[in-house]
Amino acid sequence: MIIGVTGNMAAGKSSVARMLREKGCALVDADRVAHELYAEDHALVRRIANEFGPHVLDEEGRLNRSRLGRIVFSDPNALENLNRIVHPALNIAMRQRIGSARRIMNRVVVDAALLVEFGVHHEVDFLILVTAPEEIRLERLIARSHLNREDASNRIHAQGSDELKREQADFVIENVGENEALLMAVEQAWEMILTRESLLV
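If you're wondering where the values come from, they're calculated on a predicted model, not measured in any experiment. Note that residues are indexed from 1 along each chain, following the sequence as it is written. Whole-chain, interface and lining totals are the exception, using all residues; otherwise, since this is a predicted model, local features are given only for residues with pLDDT of at least 70 and side-chain atom pairs are given and counted only at 80 or more. Only heavy atoms go into the side-chain values, all of them from the structure, while hydrogens and water stay out.

1. Details of the pairing of strand β1 (residues 2–6)
Categorising residues by exposure relies on relative accessible area from a 1.4 Å probe, with only protein chains included: less than 20% of the type maximum marks a residue as buried, more than 50% marks it as exposed, and the intermediate range marks it as partly exposed. What counts as a helix is a DSSP run of H or I of at least four residues, what counts as a strand is a run of E of at least two, and both are numbered from the N terminus. Most of β1 sits inside the fold, with five of its five residues counted as buried. Neither face of β1 is open: one carries I2, G4 and T6, the other I3 and V5, and all of them are buried. One ladder, built from four bridges, connects β1 with strand β3 (residues 108–111); its direction is parallel. Note that in β3 the partner of V5 across the bridge is D111. Here, strands pair whenever DSSP counts at least two bridges between them. Strand direction decides the pairing type here: β1 and strand β4 (residues 126–131), joined by four bridges, are parallel. If you follow G4 over to β4, its bridge partner there is L127.

Here it is, written out as structure tokens:
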């Protein structure tokens, strides 16, 4: 059973994914896999530097994600170019992680913002969308990062709306910040997951 959890920045998808991990699921986090790629795939980092300039690297030749983020989240074309470079390698790495997790656990949670945009949602058995109003997401992002309001807003707007995700989701969680409500919503999703799982057996 593969469970996809998606949502735009600061909606709370990673919180939901962690709650599902506590249910006994393996967790594959796309952001963590991407960070590992940036650290280990030197050819990929060189391609990024060739596209965006050597200033996106630090003094030791490692990718400076803060500098890169300021570029791509203020320019939709730059973000599209970054996705074009990174996502083929990321998709391969994600499938490897999922395959490894499935050999150990019966249920795998995939935490990824772009599951739907890149068509990966067709590979999951159950898709959860986590969403929240833009102003709430903006305040969350500012609180947890070193971004100013303008940079945080640019990052949120770069992802667009979540309507495409909503159309594909099996379950939608509106995460407005009340932990008890979030826990209850995850429990409801979990019951649906177990029902779906029983139909797949």
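2. A closer look at the packing of helix α2 (residues 30–40) against helix α5 (residues 76–102)
Packed helices, taken two at a time, are described by their axes: the angle between them and the distance between them. In this analysis an axis means a line fitted to C-alpha atoms, helices contributing only their contacting stretch, and an angle means the value between N-to-C directions, from 0 to 180 degrees. Where α2 contacts α5, the axes come no closer than 10 Å and their chain directions differ by 115°. Remark: the crossing between α2 and α5 carries right-handed chirality. On the side of α2, the interface is formed by A30, V33, A34, E36, L37 and Y38, while α5 contributes V86, A89, L90, A93, M94 and R97. Polarity classes work like this: nonpolar for Ala, Val, Leu, Ile, Met, Phe, Trp, Tyr, Cys and Pro, charged for Asp, Glu, Lys and Arg, and polar for all others, with Gly in that last group. Residue composition of the contact of α2 with α5, by class: ten nonpolar, no polar and two charged. Each crossing gets its handedness from the near helix: less than a right angle anticlockwise from the far helix is left-handed, clockwise is right-handed. Contacts are residue-level and defined by heavy atoms, with any inter-residue pair within 4.5 Å sufficient.

3. Considerations on the pattern of salt bridges
Here, a salt bridge means any side-chain nitrogen of Lys or Arg that lies within 4 Å of a carboxyl oxygen of Asp or Glu. This model, assessed by the stated rule, comprises 14 salt bridges. A salt bridge links R97 to E36; the shortest N-O distance between them is 2.5 Å. Of this pair, R97 sits in helix α5 while E36 sits in helix α2; the two residues are 61 residues apart in sequence, bridging distant segments of the chain. The salt bridge partner of E135 is R149, with a shortest N-O separation of 2.6 Å. Here the residue E135 occupies a position in helix α6 (residues 134–144), and R149 occupies one in helix α7 (residues 149–158), the gap between them amounting to 14 residues. Residue R149 is classed as partly exposed on the basis of its relative accessible area of 40%. Within this structure, D58, E60 and R62 form a network of salt bridges that share partners.

4. Topic: the sheet that holds β1
Taken in spatial order, the five strands line up as β2-β3-β1-β4-β5 in an open sheet, and their pairing is parallel. Where the open sheet ends on each side, the last strands, each with one partner, are β2 (26–29) and β5 (171–174). Sheet twist, expressed as the mean angle between neighbouring strand axes with direction ignored, is 20°. Sheet strands touched by helix α9 (residues 179–200): β1, β4 and β5. Its angle to β5, the strand with the most contacts, is close to 175°.

5. Regarding the side chain of N8
Position of N8 among the secondary structure elements: in the loop between β1 and α1 (13–21). A relative accessible area of 5% means that N8 is categorised as buried. Polar contacts, as used here, are pairs of N or O atoms within 3.5 Å; protein pairs need one atom able to donate a hydrogen and one able to accept it. Residues neighboring in sequence count only if both atoms are side-chain atoms. Among the polar contacts made by the side chain of N8, one reaches the side chain of K165 at a distance of 3.0 Å. Discounting chain neighbours no more than four positions away, the residues touching N8 are V130, R137, Q159, G160, S161, D162 and K165.

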